[in-house]
Amino acid sequence: MSVARRRLIQGTALTAGAALLPNVPAYAAADPVTVEADGIKLVGRSDGSVLVQDGAGTDRVLLSHFMLKDTALGQQRTFGGSPALITLPDGRPAVQVTYTMGSSAPGVTVRGTFDVTARKAHLKWEVAGSGTLTPSGFQFSRTVYGARAPESYEALTVWERDARGGIPYEVNAGGTYVETWEGAKGYFCLSSTNPAGTNATWIHAPGTSTGASTAVTEADLVLGDLRPRAAGTIAAGRPLGVEVWTDQPFNLYKAAGQTMTLETQVVNGSGAARKVTLTWWARDFGGKKIGGGTLCKDLAAGAAWNASFPLTSPSQNIVFTGVEAVSGADRAIARTNLSVLPEFTYQAGKESMFGLANYPWLLRPSKEAVLGLVRTLGIKWIRIAYAGAPGIDIATLDANGIGHNVQLSGIPVGGSPEQIAAWADTNVAKAIAADAAYFEVSNEVNQPWMSGRGADAYVSDGLRQVTTRLAAAGSRMKVMNAGLGGMDHIWTKNFHEAGGWDLIDVFAFHPGRGNFTPDFAPPPEEWTQGSSGTYWNFLGALRKARQVMAEYGGDKELWLTEAYAPTRPNVWWSDTYRHAAENTLLSLALAKSEKVRAVNWYQLHDSVIHHPQEADPANPEYHYGLMNRDTSAKPSLLAFATAARVLDQAEFVRHLAFSDHDIKGLLFTAPDGPLSIIWSRKDGYVLNSEHGDDPWYASPEPWTDTWTTRTEIVAAAAAGTVRELNCIGQERSLKASGGKITLTVDGAPRIYYGLAADPDRKPGSRGRTA
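Residues numbered from 1 in each chain as written. Predicted model: local features only at pLDDT ≥ 70, side-chain atom pairs only at ≥ 80, totals over all residues. Heavy atoms only, no water.

(A) Structural view of the overall build of the protein chain. What the protein chain contains, in helices and strands, is 9 helices and 43 strands. Its C-alpha atoms give the protein chain a radius of gyration of 29 Å, within 12% of the compact-globule value 27 Å for 770 residues. If one aligns the C-alpha atoms of the protein chain with their principal axes, the spans along those axes are about 100 × 70 × 50 Å. Sorting the 770 residues of the protein chain into buried and exposed places 58% on the buried side. A total of about 29,700 Å² of accessible surface is found on the protein chain, and carbon and sulfur atoms cover 49% of it. For the protein chain, the distance from the average position of its 70 positive side-chain charges to the average position of its 75 negative side-chain charges is 4 Å. (Helix = DSSP H or I, 4+ residues; strand = E, 2+ residues; numbered from the N terminus. Rg over C-alpha atoms; globule rule 2.2 N^0.38 Å. Buried < 20%, exposed > 50% of the residue type's maximum accessible area, 1.4 Å probe, protein only. Areas by Shrake-Rupley, 256 points an atom, 1.4 Å probe, with all protein chains shown as cover. Lys, Arg positive; Asp, Glu negative; His and termini not counted. Charge placed at Lys NZ, Arg CZ, Asp CG, Glu CD.)

See below:
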């Protein structure tokens, strides 16, 4: 049972699932052992359990048992124990429990030590006596009294700066299980935990080996009306902590003129009172400072300080905010983004090309909020949806007109006929039950890239097994090959020769991209391999795909089942946050120009599915989201929405051809008339080009425009006023005169309404038919 679905106890009733444990009374037997500090008290009871009370004496949590894991002994838990009062090396008292183990764990001992400081209990379990311990599987039990909400899990993070410069980023600081009472909260904080290993009775609490046959697990329980990161600061003993948030899902507002309130909590995690200075700022996409200030306050040890900073929402825009708390040599920072994106009525329906590659699986703050965001962004396709999959359920997608596919992997290539049949039977049944529109048979099976290996086995052991079963079932579901990592034309040639081409309705691949603009299109014979090779280009890959499809025939659809603009901070191979927004818009426009049926963007927010919302700064794929880890928007999210809106019913006409060959453009028709997207490549196609040999690169702040060359061009205008939109949809009006307008362009693509149907014609020349 998931944590979110726990039935927490009320009064003295035990948590659901607690039948696994002895029914421990809510109050102690004779001779309890107690320790207490400001706001917290521990009672060690004669049955070995430890009762946690708050400062008012209210029973909050009962800690009863410990579960160890062992490769030889399996899972073994404690059965009661004996408490004693001990003195720690620093002179403070603590409750120590010597636990009783069952006969199936001979020689194994478990000892718990529990001490308190202001509003915090430190919990430690020491295990000894077995050379085959598996500390990663350790757990402890808890019973929560009088809860007013289900237990929830929050990843804990801390913002850091690299000493070499660049922009700040989040690092993982463990996780916390949040208990909610009337007017109070409790936080079980651990340096490492996996919520998938936590259930109604046990909290996953990985231990650390301390010797050949010993290990220790530690955790902290913090009580108080705090935010999660404040509790994490107190638990870890960091001197200062700060957290920022708003009361709006995704910090996303719908119109100009609204009050956007940046909420802040600062906590003094040190053991002494201190004066804290709090500085905050807010800047828009152009770098204009739209808010900020400095406050000071004396904070007691362990005390929290809440502050609210109101801002007025601009028109379509993004507001970058930061808060810094300083006391002496100690400091803590936090950042988040506030954004403004009006609603829009999309018309393309399932003819739309806009989709998500990874199911929107983290339903924070709610399924309804995530569904609303998906609709706001114009997303009409979900790559992976089936019964039991994380994310928005199929019925809800159907009810909202959102198409859904399946992508299922794990083909037992080279396995026995029975294994191959079992895989195919199971996954075809899953796809049919999901009523999937498309079945993408596995994912990125073309490794090593451009080696050509495994195409024949993939066809025989996977793809053909699927198509045979779909035909037998009378299914009309369309079939995609496994989305290829990059445009691997060597693997595709072998795939064609193995008979795979005739089995698919859709050719799918993932045009990965490094520090190149999306319109970088080197010829395939010049592609270089490796982690920073030019193989990872966007437009060149699209054009090669089109060439291959024309050669092999069959009138296949082209899908990009993963596309992205990664924003890993301070790495030259990734986009800056500003370039990512520009490249998101241009990638989608180029996909439309190359007649791509659908683009599944990878992914909705920064995270990895097995460690939801944990910071993972070293993992490149963690940074592929349109939103940050805290689900606030990156500029990329507004750029995706801008592309979805301007291209919703657009049809590609041609590439523009200005007399200056460094000026690039795309011409579309749309219900409102001709639509042009124009940019310059006078600064080249390589981004972050001044990097050194080290992967590290000092990323600029997202409001910093790094294009250095501005060029004025004259374009033909159809009206006296031309509307210009930048990559995040901000609009301004430009005046035309005499059927001409002067535009200033650089490396950032801009959208124009009101230009002529042939905006690239030379001044004075006769117009040409588009």
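From this point, the narrative continues.
(B) Region of the structure containing the sheet that holds strand S18 (residues 240-245). Spatially, 3 strands are ordered S18-S20-S23 in an open sheet, and the strand pairing comes out antiparallel. At either margin of the open sheet sits one strand with a lone partner, and together these are S18 and strand S23 (304-312). When strand polarity is set aside, the average angle formed by the axes of neighbouring strands in this sheet is 20 degrees. The sheet contact formed by strand S20 (residues 259-268) and S23 spans 9 bridges and is antiparallel. Note on S23: the bridge partner recorded for Thr261 is Pro310. Contacts from helix H1 (residues 228-236) reach S18 and S20 within the one sheet, and its direction differs from that of S18 by about 170 degrees. (Pairing = 2+ DSSP bridges. Axes fitted to C-alpha atoms, helices over the stretch in contact; angles between N-to-C directions. Contact = heavy atoms within 4.5 Å.)

(C) Examining the packing of helix H5 (residues 455-472) against helix H6 (residues 489-497) more closely. One way to put it is that H5 packs onto H6 with a least axis distance of 8 Å and a crossing angle of 55 degrees. Classed by the angle they form, the pair H5 and H6 counts as oblique. With respect to the hand of their crossing, H5 and H6 are arranged in right-handed fashion. Only Trp491, Asn494 and Phe495 of H6 make contact with H5, whose side of the interface consists of Ala455, Tyr458, Val459 and Leu463. Of the residues belonging to the contact of H5 with H6, the class tally is 6 nonpolar, 1 polar and no charged. (Parallel < 35°, antiparallel > 145°, perpendicular 65-115°, else oblique. Left-handed = near helix turned anticlockwise from the far one by under 90°. Nonpolar A, V, L, I, M, F, W, Y, C, P; charged D, E, K, R; others polar.)

No statement about biological role is implied by the geometric values presented.
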